[in-house]
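# Analysis of the macromolecular model
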Amino acid sequence: MAVLNKIRQRSLVLILVIALALFAFVIGDVFRNLDSTGGPQDIIATVNGEDIKREPFMLAVQNMQQRTGPNTSETQVKNNIYNEELRRIIMSSEFDKLGLTVEKDKMRELLETSFGNYPEFQNQDSIFDVNKMSAFIANLKDIQPQGAPLSTFTINYAQWTNNEQSLANNALTQQYYNLVKAGVNATVTEAEDDYIAGAKTLDLKYVQVPYNTIADSLVTVTKSDIKDYIERNKDTYQVDATREILFVEFKEEASVEDEDALKAELLVLRSDKLEFNETTKGTDTVFGFDNTKNIEAFVNSNSDIKYSADYFRPAQLGTAKDSLSNTAIGEYYGPYKDAGYYKYSKILDKASKADSVKVRHILIPFAGATSAAPDVMKTNEEAKATADSIYSVLRVNRSKFVDLLELSSDKVSNEKEGVIEFAYNQGFAPPFKAYSFDNKKGDMGVVETSFGYHIIEILNQTAFNNTLQLATVARKIEPSEKTNDDVFNAKQKFEIAAETGDFRELAAERNLTVKPVTFKELDENIPGLGSQRQVVRWAFDNETEVGDYKSFTVAGVGFIVAQLVDVNEEGLMSVEDAAASASIAVRNEKKAEMIRKKIATGALADIAAAQGQTVKNATGVTMSNTTLSGAGAEPKIVGAAFGLGQGEVSKPIDGNRGVYVVEVTKVSEATKLENYAAIIARLSNARKNNVQTKVYSALEAAAEIEDNRAKTVY
C-alpha cells in the first residue's frame, strides 16, 4: 500500500515524464525525416526558389501513365514529368525577365490551330467557330471534375486548362528562342577567321620524340601526383554519386524433373479416362485426345493456349516446323519445347494457302465501332441489316460494287474502288484476315470486325504455301512448388553463410555467377534484371554500409542476393578510381619533362640524330584540320606552328603522343575574298540550329536546383 500511495502522490510527475518522452519521440522522428530527405517530404525539388510539390507531381505522373500505358515504366514517367516541370520553371523565369506573355488573341489563335479541325468547334460550313469552343469550355467548368466527350476521347476542365498552359508555354518558348537566334549572327571578322582557318596553309618539318622512348619503369607516379592531376582537370573527373554492388541470382526455373513430369502429363492426355459422376453416382468415360468428338473444347480445357482453327504457315511454326510438316494427318508430334511451353500437336489437316490477297470491301460502321465518325448513329443490328441488304444486291449484280462504295466509311480504300492488297503477316482485323485467306478467289460474304460490318469480295490470291491445321495442347514450363522451395532454401542458406563468409568464395562454391554493377541514385535498371529501384534505394540508404547484403524478390527471376562493395559520393573521382586514366597522363607529363631536358637547341637534323629519330614533313597543314601527317591528331602542335613565321623553329612542345620541335618551311597566305556573306550565313545558321539545346543546357546548369526525388518519390 505504501508503494501505491507514493505512486499516487507522484502521478503528476509520471504523466509529465511520459508526455515528454512521447514528445521527444515524435520530434525526433520529424528531425530524422528532415535529416534523411534534406527537406519536407512533400517537396520533390526546389528550382530557383520554386518548389515542385509532391501531390500535383504525382497527379501528373498518374495522368501520363494513363496516356502512355504499360510500355513506359513508372520511373521513366516520373523522369519525364520532372524534366517538364524543371523546364517550365527555368523558362518561366526567363519569360518573366523579358516580359513575354500570351495574350487573349494569341491564345485564341493557338487554340484554333490545335482544335480548328474538330467538328465540335465548327459551324455548318466546317469553319472554326470560337463561340462553340467558348461554350464547350464554359460547360467543362460547370460540370467539373467530370469531363465531356471531344472527338474520340473525354476531357475535363483541369485537363483543358493544362492543355492551354502547355500551348502557351510552347508559344513563349518558341518566341524566346527566336529572340536568342536573332542575336547569334556571325560577324565578318568571325567569317574571315573561319575562311583563313581552312585556306591558309603551312609546310612543316618536325621531329617527334615519342613518350614510349622512355620506359614506364623509369617514371614513378605517386598518389599525390594523381591527386594533383585530378585537381588540375576537375571537369574531367567530376562524377555523380554511385554505388557498386555484387549480386548472385537464385532462379525459379523448372528443373529437369519438372519438365519430364510436364511431358508425361501431355502424353497421358491421349488416352480416355474414367471419372466418377457425383450426379449419377456412376462412372463416366472422358475421351482423350485420340477419341474426343469436340477437339476445340478438349484443347481449351487442357491447354494454356486456346485452340485456333487457323491454318499455320511455316514461319508460324517455330523451330518444329519441319517435324510438324513431316507428320501425317491424324498423327501426333511431341511433346516439344517452343517459346516457353511444352506442346503436343495433332495434325488435323494440310492445305495450300495464299500468303497474299487482293480484296475489295464496303464497310458499314455502327455507333461505338473503332474509328467510327461521331455522327455514326446506326446500332449494331441496323449496321448488319444494311450490310446484308448490300450483300443481297451484289450477289445478283457485282458490277454495282463501285456504285455502292458511297455507303462505305473506309474513305482510303474507296479512292481505290474499295480494293486492298495485303500479305498474311500484315496486321489486319482477325475476322477480315481469316475470311480473305481461308476462302477462295471469287468468294464474297459479310464479316463483322471491331470496325463494323464488311462486305468482302476476294479478287485474287497469290504466293501459295503449304499450311497445317493443328490441335495443340500447350503447357507453360514452370517450376514446381518443390523446385521453388529448393531455390528459396538455397537462397536462405547463402544469406546465412554470407554473414561470416566471403561473398565471392561462397558463390564460387555453389557455382553461382557473381555479377558486378555500378549505378547512380536515380537509376532504375540493372542489366539482366530490368527495373529494380528497390535495390538502388537500398544501396543508397544512409544505413547501408559497405559489406552489407540483402536478398530481393525479382519478377521473372526469383531472388537475388546483393552485397554493397563500394560507395562513391558526388564530387571529384577518388584517386583509386581515377588512377587508370590519370596515371597515363601524369606519366606522359613526366616523360615530356625528361625529354625536353634532353633536347638541345639547334638544327632539326641534329636534334633528330641526338634523339634517334628522323625529320618528318607535313604539307598543306591548316588550322581547321589538326591532324599532323605521320603523327595523328595534334591540335596543340598545329596551333603552335601557326604562331611561327616562315623559317622559325619552335621550342620543344608537349603533344598527345610525344614532344615535338617544329620548323615552318613555307607559309601560304589565304587570298582574301571580296564577300564573306556565304560564310556568315553558314556560321549563323549553324549557331541558330544549336540555340535551343545549348541555351537550355546553359540555363539548367546556371539554375539553383535542390533535387530530392530519390528520397521522396523514387
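These lines cover the structure that appears in this document, whether it is placed above or below. (Residues numbered from 1 in each chain as written. Predicted model: local features only at pLDDT ≥ 70, side-chain atom pairs only at ≥ 80, totals over all residues. Heavy atoms only, no water.)

### Some thoughts on the overall build of the protein chain
The cut-off we apply is this: We count a stretch as a helix when DSSP gives it H or I for four or more residues in a row; a strand needs E for two or more, and each element gets its number in order from the N terminus. Classification of residues uses two cut-offs on accessible area relative to the type maximum, computed with a 1.4 Å probe and protein chains only: under 20% is buried, over 50% is exposed, and between them is partly exposed. Between two residues, a contact is recorded if the distance between any of their heavy atoms is within 4.5 Å. Values of accessible area rely on a 1.4 Å probe in the Shrake-Rupley scheme; residue burial ignores everything except the protein chains shown. Counted as positive: Lys and Arg. Counted as negative: Asp and Glu. His and the chain ends are not counted at all. The atoms used to mark charge sites are NZ of Lys, CZ of Arg, CG of Asp and CD of Glu.
On a plain count of helices and strands, the protein chain comes out with 23 helices and 27 strands. Expressed as lengths along the three principal axes of its C-alpha atoms, the size of the protein chain is roughly 110 × 105 × 70 Å. Per-residue burial over the protein chain gives 36% buried out of 714 residues. Sequence separation of 24 or more characterises 66% of the internal contacts of the protein chain that already satisfy a separation of 6 or more. With the model as given, the accessible surface of the protein chain reaches about 41,700 Å², and the carbon-plus-sulfur share is 50%. Side chains of the protein chain give 80 positive and 101 negative charges; the mean places of these two sets differ by 2 Å.

### Describing the side chain of N302
Applied cut-off: N or O atoms within 3.5 Å of each other form a polar contact, as long as, within protein, one can give a hydrogen and the other can take it, and as long as residues adjacent in sequence are counted only when both atoms are side-chain atoms.
By the secondary structure assignment, N302 is in helix 11 (residues 295-302). Its relative accessible area of 18% is what places N302 among the buried residues. For N302, the side chain forms a polar contact with the main-chain oxygen of F298, separated by 2.8 Å. Excluding its chain neighbours within four sequence positions, the residues that come into contact with N302 are L269, V473 and R475.

### Side note on the sheet that holds strand 19 (residues 549-554)
This is how the line gets drawn: Strands pair, by our definition, only if DSSP identifies at least two bridges between them. Note on geometry: axes are lines fitted to C-alpha atoms, helical ones only across the stretch in contact, with angles between N-to-C directions running from 0 to 180 degrees.
One open sheet holds the four strands; their spatial order is 16-7-20-19, and the pairing between them is antiparallel. Unpaired on one side and paired on the other, strand 16 (515-520) and strand 19 mark the two borders of the sheet. Adjacent strand axes in the sheet meet at a mean angle of 35 degrees, parallel and antiparallel pairs treated alike. Here strand 19 runs beside strand 20 (residues 558-568); their pairing, made up of six bridges, is antiparallel. Looking at strand 20, one finds that T553 is bridged to F559.

### Examining the pattern of salt bridges
Pairing of side chains with opposite charge becomes possible as their charged atoms draw close. Quick note on the threshold: What counts as a salt bridge is simple: a side-chain nitrogen of Lys or Arg found within 4 Å of a carboxyl oxygen of Asp or Glu.
Applying the stated rule across the entire model yields 35 salt bridges. With a shortest N-O distance of 3.1 Å, E265 and R475 are connected by a salt bridge. Note that E265 is positioned in helix 10 (residues 256-268) and R475 in strand 15 (residues 452-476), a separation of 210 residues in sequence. On the accessibility criterion, E265 (40% relative accessible area) is partly exposed. With its nearest N and O atoms 3.0 Å apart, the salt bridge here joins K482 to D486. You can see K482 and its partner D486 sitting in helix 16 (residues 481-498), four residues apart, about one turn around the helix.

### A word on the pairing of strand 2 (residues 50-53)
As judged from the four bridges shared by strand 1 (residues 43-47) and strand 2, these two strands associate in the antiparallel manner. Residue pairing across strands places T46 opposite D51, the latter belonging to strand 2. Hairpin geometry of strand 1 and strand 2 is characterised by an intervening segment of two residues between the two adjacent antiparallel strands and by a positive phi of about 50 degrees at N48.

### Re the nonpolar core
Put simply, the rule is: Residues enter a nonpolar core if they are buried and are Ala, Val, Leu, Ile, Met, Phe, Trp, Tyr or Cys, with the set joined through side-chain atoms within 4.5 Å.
Within the largest apolar cluster, 26 residues are counted, with the highest numbers of intra-cluster contacts made by I52, F57, I90, M91, Y176 and Y177. Among the elements of the structure, strand 1, helix 3 (54-68), helix 4 (74-98), helix 7 (157-181) and helix 22 (677-702) are those that each provide at least two residues to this core. Tallying contributions element by element places helix 4 first for this core, with eight residues.

### Regarding the sheet that holds strand 27 (residues 705-707)
If you trace the three strands from one edge of the open sheet to the other, you get 2-1-27, paired in antiparallel fashion. What marks the edges here is a single partner per strand, and that holds for strand 2 and strand 27. With strand direction ignored, the average angle separating the axes of adjacent strands in the sheet is 20 degrees. Against the sheet, helix 3 makes contact with strand 1 and strand 2, and its axis sits at roughly 50 degrees relative to strand 2, the strand it touches most. Helix 4 rests against strand 1, strand 2 and strand 27 of the sheet, and its axis sits at about 155 degrees to strand 2.

### Side note on the side chain of S303
When you line up the elements, S303 lands in the loop between helix 11 and strand 10 (311-312). Of the residues examined, S303 reaches a relative accessible area of 9% and is grouped as buried. At 2.8 Å, the side chain of S303 and the backbone oxygen of I305 are in polar contact.

### So, the packing of helix 7 against helix 22
Inclusion rule: Just so you know how the angles are binned, under 35 degrees is roughly parallel, over 145 roughly antiparallel, 65 to 115 roughly perpendicular, and the rest oblique. For this classification, Asp, Glu, Lys and Arg are treated as charged, while Ala, Val, Leu, Ile, Met, Phe, Trp, Tyr, Cys and Pro are nonpolar and the rest, including Gly, are polar.
Here helix 7 crosses helix 22 at 110 degrees, and the two axes come no closer than 10 Å. Classified by the angle between their axes, helix 7 and helix 22 sit roughly perpendicular to one another. Contacts between helix 7 and helix 22 pair Y176, Y177, V180 and K181 from the former with K688, V691, Q692, V695, Y696 and L699 from the latter. Split into classes, the residues belonging to the contact of helix 7 with helix 22 amount to seven nonpolar, one polar and two charged.

### Looking at the packing of aromatic side chains
Spelled out, the test is: Planes of paired rings set the category: under 30 degrees apart is stacked, over 60 is edge-to-face and the rest tilted, where pairs are Phe, Tyr or Trp rings (Trp by its six-membered ring) whose centres lie within 6.5 Å. Look at NZ for Lys and CZ for Arg. If either is within 6 Å of the ring centre and within 35 degrees of the ring normal, a charge sits over the ring.
Scanning the entire structure with this criterion turns up 29 aromatic pairs. Ring centres 6.2 Å apart and planes at 70 degrees place the aromatic pair F95 and Y176 in the edge-to-face group. Residue F95 is located in helix 4, and its partner Y176 is located in helix 7; the two are separated by 81 residues in the primary sequence. Each member of the pair, F95 as well as Y176, carries the same accessibility label: buried. Relative to F432, the ring of F428 has its centre 6.0 Å away and its plane inclined at 25 degrees; by these criteria the two rings are stacked. Ring pairs connect the aromatic residues F115, Y118, F121, F136, F153 and W160, which therefore count as one cluster. Here the basic side chain of R360 rests over the ring of F401, its NZ or CZ set 4.2 Å away from the ring centre.

### Digging into unusual backbone geometry
Trans peptide bonds make up the majority, and among non-glycine residues the majority have a negative phi. Residue Q144 is joined to P145 through a cis peptide bond whose omega torsion reads 10 degrees. Mapped onto the fold, P145 is located in the loop between helix 6 (130-143) and strand 3 (147-150). One non-glycine residue, N48, lies in the positive phi region at around 50 degrees. Residue position: N48 is located in the loop between strand 1 and strand 2. Even without being glycine, K281 reaches a positive phi, approximately 60 degrees. Here K281 is to be found in the loop between strand 8 (273-277) and strand 9 (282-286). Classification of K281 by relative accessible area gives exposed; the value is 57%.

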